[in-house]
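Below, each chain spelled out in residue letters.
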Amino acid sequence: LYYNYWYIRMKMKVLGTSQFGRKHLSFFTDHPEPCPCPESPTDVVIKVEYSDINPVDHHKLNAKPDGTPTPEHRTPLIVGYGGSGVVESVSSSADERTRALLRKRVAFIADPAKDGSYASRVLCDRRVVATIPDDGIPSHLAACVPIAGCTALESLEKVGLPIASADNDAVDIAKAGEGKRLLVVGGAGGGGSGVGPAP
């Protein structure tokens, strides 16, 4: 399905809030569905199956503990940094790599500047979307991978082991860390809570 300027936005269910702070609970409500921008060839809309649960979501919801209302243009505030689902639609100007994702099962990272994944559908850039292999990986497990993967990537880059750059989509991961040892603190919890060079 390709969207254009005349697309009529339907409503979807979201889990959002209108006030910051722990005392103000999130609630289910109706919200306009996202639609790809016609000028953005990498926009995709994903029908969300599972959303991850991330400590950053909690911190974002509690950014102003006194109950300050969320900004009008972000009300309801919908958090959720990642998840899994099926690509339902793409931009009318979608490039070949974006169109190839249509109807594919994917894991994704949501844009923190836009509505998050605690929703029926989410708008993403296909460059932060990965297809889920059809070899038995369930969607609820795949939903947990993107954020943990980003945490691991950032940790490796901080200690001088970059595996991607603006010039190269990827480098030889095996050689990137050759001869180096790392200490990962809290690795059993996913990406770990800290990482540093090991003696």
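In this report, the structure presented in the accompanying data block is examined.

Parameters at a glance
Per chain, residues are indexed from 1 in the order of the written sequence. It should be noted that, the model being predicted, local features are given only for residues of pLDDT at least 70 and side-chain atom pairs only at 80 or more, the latter also being counted only at that level, while totals for whole chains, interfaces and linings use all residues. Heavy atoms from the whole structure form the basis of all side-chain values; hydrogens and water molecules are not counted. Cavity: a set of points on a 1 Å grid over the protein atoms alone where a 1.4 Å probe fits but cannot get out. Pocket: an open set with protein on both sides within 12 Å along at least five of seven lines, its lining residues, like those of a cavity, having an atom within 4 Å of a point. Grid points are joined across faces, edges and corners, and a volume is the space filled by probe spheres set on the points. Each residue is assigned to one class: nonpolar for Ala, Val, Leu, Ile, Met, Phe, Trp, Tyr, Cys and Pro, charged for Asp, Glu, Lys and Arg, and polar for all the others, Gly among them. Helix numbers and strand numbers start at the N terminus; a helix is a DSSP run of H or I with at least 4 residues, a strand a run of E with at least 2. Note on classification: 1.4 Å probe, protein chains only; a residue is buried when its accessible area is under 20% of the maximum for its type, exposed when over 50%, partly exposed between these limits. As used throughout, the charge tally considers Lys and Arg to be positive and Asp and Glu to be negative, leaving His and the chain termini uncounted. Whenever Lys or Arg places a side-chain nitrogen within 4 Å of a carboxyl oxygen from Asp or Glu, that contact is recorded as a salt bridge. Here, residues are in contact when the closest pair of their heavy atoms is within 4.5 Å. Paired strands, in this sense, are two strands between which DSSP finds at least two bridges. What we call a nonpolar core is a set of buried Ala, Val, Leu, Ile, Met, Phe, Trp, Tyr and Cys residues that are connected through their side-chain atoms within 4.5 Å.

## Observations regarding empty space enclosed by the protein
Right, so step 1: For the structure shown, the criterion picks out one cavity of 30 Å³ or more.
Right, so step 2: Counted as a void, the largest cavity has a volume near 40 Å³.
Right, so step 3: Lining the largest cavity, in full, are Lys60, Ile78, Val79, Gly80, Tyr81, Ala110, Asp111, Pro112, Lys114 and Gly116.
Right, so step 4: Counted by class, the lining of the largest cavity contains five nonpolar, two polar and three charged residues.

## With respect to the layout of surface pockets
Right, so step 1: In this structure, the second largest pocket spans a volume of roughly 280 Å³.
Right, so step 2: Those elements that provide at least two residues to the lining of the second largest pocket are α1 (55-61) and α4 (145-158).
Right, so step 3: Of the residues forming the lining of the second largest pocket, the biggest block, four residues, is contributed by α4.
Right, so step 4: When grouped by side-chain class, the residues that make up the lining of the second largest pocket number eight nonpolar, two polar and one charged.

## Some details on the side chain of Asp43
Right, so step 1: Note on placement: Asp43 falls in strand β4 (residues 43-51).
Right, so step 2: For the buried Asp43, which has no salt bridge, the nearest side chain bearing the opposite charge is Lys114, at an N-O separation of 4.8 Å.
Right, so step 3: Setting aside its immediate chain neighbours within four residues, Asp43 contacts Pro36, Cys37, Val90, Ser91, Thr98, Leu123 and Cys124.

## Regarding the pattern of salt bridges
Right, so step 1: Here the structure, examined in full by the defined rule, presents five salt bridges.
Right, so step 2: Across the salt bridge formed by Arg121 and Glu33, the nearest N and O atoms sit 3.4 Å from each other. With a gap of 88 residues between them, Arg121 in strand β7 (residues 121-125) and Glu33 in the loop between β3 (27-32) and β4 connect regions that are remote in the sequence.
Right, so step 3: You can call Arg121 buried: its relative accessible area is 16%.
Right, so step 4: Taking relative accessible area as the criterion, Glu33 reaches 9% and is therefore assigned buried.

## Overview of the pairing of β7
Right, so step 1: Buried residues dominate β7, accounting for four of its five residues.
Right, so step 2: Where β4 and β7 come together, five bridges link them in antiparallel fashion. Paired with Val45 across the bridge in β7 is Leu123.

## Notes on the environment of Gln19
Right, so step 1: Mapped onto the elements of the fold, Gln19 is located in the loop between β2 (11-16) and β3.
Right, so step 2: Overall, the relative accessible area of 29% leaves Gln19 in the partly exposed class.
Right, so step 3: Sequence separation between Gln19 and Pro76 is 57 residues; the distance between their C-alpha atoms is 8.5 Å.

## Quick notes on the nonpolar core
Right, so step 1: The biggest cluster of nonpolar side chains holds 14 residues, and the ones touching the most others in it are Val44, Ile46, Val87, Phe108, Val122, Cys124 and Val129.
Right, so step 2: Looking at this core, the elements that each hand over two or more residues are β4, β5 (82-91), β6 (105-109) and β7.
Right, so step 3: Top contributing element to this core by residue count: β4, with three residues.
Right, so step 4: In contact with Val44, not counting residues within four places along its chain, are Val87, Ser89, Val90, Thr98, Val122, Leu123, Cys124, Arg126 and Val129.

## Side note on the pairing of β2
Right, so step 1: On β2, burial follows the alternation: Met12, Val14 and Gly16 on one face are buried, whereas Lys11, Lys13 and Leu15 on the facing-out side are not.
Right, so step 2: Pairing of β2 with β3, which is carried by six bridges, proceeds in the antiparallel orientation. Bridge pairing in β3 links Lys11 to Pro32.

## Brief notes about unusual backbone geometry
Right, so step 1: With an omega of 0 degrees, the peptide bond between Thr75 and Pro76 qualifies as cis.
Right, so step 2: Inspection of the secondary structure assignment puts Pro76 in the loop between α1 and β5.
Right, so step 3: At Arg103, a position not held by glycine, the phi torsion is positive, near 65 degrees.
Right, so step 4: Examined against the element boundaries, Arg103 turns out to sit in the loop between α2 (96-99) and β6.

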